[in-house]
Amino acid sequence: MTAGESHGPALVAIVEGVPAGLALEAAQIDADLARRQKGYGRGGRMKIERDRVELIAGVRNGETIGSPIALQIANKDFENWRGRMGPERFEVAPEPVTLPRPGHADLAGALKYDRRDARDILERASARETAARTAAGAVARALLLAAGVEVCSRVRSIAGVFDPSEPSVDELFDGRATIEASELRVLSPSIEQPMREAILERAHAGDTAGGTIEVVARGVLPGLGSHAQWDRRLDGRIAQAMLSVQAIKAVEIGDGWSAADWPGSAVHDPIGYDSSNRRFARTSNHAGGLEGGMSNGEPIVVRAAMKPIATLRSKLPSADLHSKIAALAAHERSDVCAVPAAAVVLEAALCLVLATALLEKHGGDSMGELLRNVARYKSQLEEY
Ligand code: EPS
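Residues numbered from 1 in each chain as written. Predicted model: local features only at pLDDT ≥ 70, side-chain atom pairs only at ≥ 80, totals over all residues. Heavy atoms only, no water.

Draft legend 1. Geometry of helix H8 (residues 192–204). Taking 1.5 Å as the rise per residue, H8 with 13 residues should run 18 Å; its terminal C-alpha atoms sit 18 Å apart, in good agreement. Within H8 the residues assigned to the buried category are Glu 192, Met 195, Arg 196, Ala 198 and Ile 199. What you see down the axis of H8 is that its buried residues fit within an arc of 160°, all on one side. Opposite its buried face, H8 presents the exposed residues Glu 201 and His 204, each directed more than 90 degrees away. On the buried face of H8, the contacting elements are strand E7 (150–158) and strand E8 (161–162). Gly 206 sits one or two positions beyond H8 and adopts a positive phi of about 70°. (Helix = DSSP H or I, 4+ residues; strand = E, 2+ residues; numbered from the N terminus. Expected span 1.5 Å × (residues − 1). Buried < 20%, exposed > 50% of the residue type's maximum accessible area, 1.4 Å probe, protein only. Arc of directions from axis to C-beta. Contact = heavy atoms within 4.5 Å.)

This is the structure in structure tokens:
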């Protein structure tokens, strides 16, 4: 669970259910927070914030202790919003936001919560919240790593400019240093300049840019999630977690949309047995590591599409919440493109779902117990 408004005092997250004995330090979480803050096309806000986590509860002497983990990230920008975003009654009423932005939560939220200042909605709807989710995801990532599961991501396209590389999962993981060094989080350095130009072009036009992202997990054993009930299906849970990230409008697993056009014989991954590793294995992974709502032991491959950011300098038509008179939508300082940041957030989303599913499957109040359970299950699979 997360809480916090974009220009309020802080963002907080509570992560429950992490076993005791997981090595966890603020620096590990800060590394992901810093990754999320990078990216060409970010606005002025990222020059203000230097996101750092404060571990408030659940960690002692560099280890989890089995109690809820509470994380806090200060909003440095709050200093500029005191008197407008604090909990105390305002001395001077701030100017309300009354021109809802098409594509943002402003209108639906103002109607639903019966607020006359859309700031009451937009502050929480803001993608600033993803800093808290990234911090929580970093805890999940640490847990997964201990169980041999790794997650990484890359940006595939921005504003219709596609990275031409089609890496295998291992090539993608091998390319992590390149991706991390790229401010666009792409694998092909040669695509950076055309992408930057596309973002700049949108910026000059007062417009914004979306894109597509690939997120991959490897090391996941077969059997996370379940076919037995709709809400236990891991593919559905992954899609929910990803679609809940601000501005994500589509998610596909494995070949996703394109599989709809192909014959079944080209879509389904033939099954073989790898006797040296004592595991069933596939020669292809069109399914993206998920069959019947369960992990099947192949890498999990998810792609997501992010729409262009809804705050535009070239304002779109809107209607005033109070007068109902037509006017152009509100504009505040914003990003032109946050696709590289969203890739880091989607990693966090995948980590949270996989860590939850791992704990459901194997249980354990301590890391020792969890890892023993995982190892026993692995032997069970090898002896199958
Ligand atoms: C956001 C608007 C911008 C972004 C923000 C998300 O913030 P501000 O209104 O303060 O300029 O920078 O993203 C972050 C603060 C962040 O940490 O990613 C929005 O409206 O969603």
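On we go.
Draft legend 2. Region of interest: the sheet that holds strand E3 (residues 53–57). One open sheet accounts for 4 strands, arranged E1-E2-E6-E3; its pairing is antiparallel. Each having just a single partner strand, strand E1 (2–3) and E3 make up the two edges of the open sheet. The sheet contact formed by strand E2 (residues 10–15) and strand E6 (residues 69–74) spans 6 bridges and is antiparallel. Considered in E6, the bridge of Val 15 is made with Ile 69. Where helix H1 (residues 26–37) meets the sheet, it contacts E3 and E6, and its direction lies at approximately 135° from that of E3. (Pairing = 2+ DSSP bridges. Axes fitted to C-alpha atoms, helices over the stretch in contact; angles between N-to-C directions.)

Draft legend 3. Molecular detail of the packing of aromatic side chains. For the structure shown, the criterion picks out 2 aromatic pairs. Ring geometry for Tyr 273 versus Phe 280: centroids 4.9 Å apart, planes at 75°, classification edge-to-face. What makes Tyr 273 partly exposed here is its relative accessible area of 43%. Clustering of aromatic rings is evident, with ring pairs tying together Tyr 273, Phe 280 and Tyr 384. Geometry around Trp 81 places Arg 84 over its ring, the cationic atom sitting 4.0 Å from the centre. (Phe/Tyr/Trp six-rings, centres within 6.5 Å; stacked < 30°, edge-to-face > 60°. Lys NZ or Arg CZ within 6 Å of the ring centre and 35° of its normal.)

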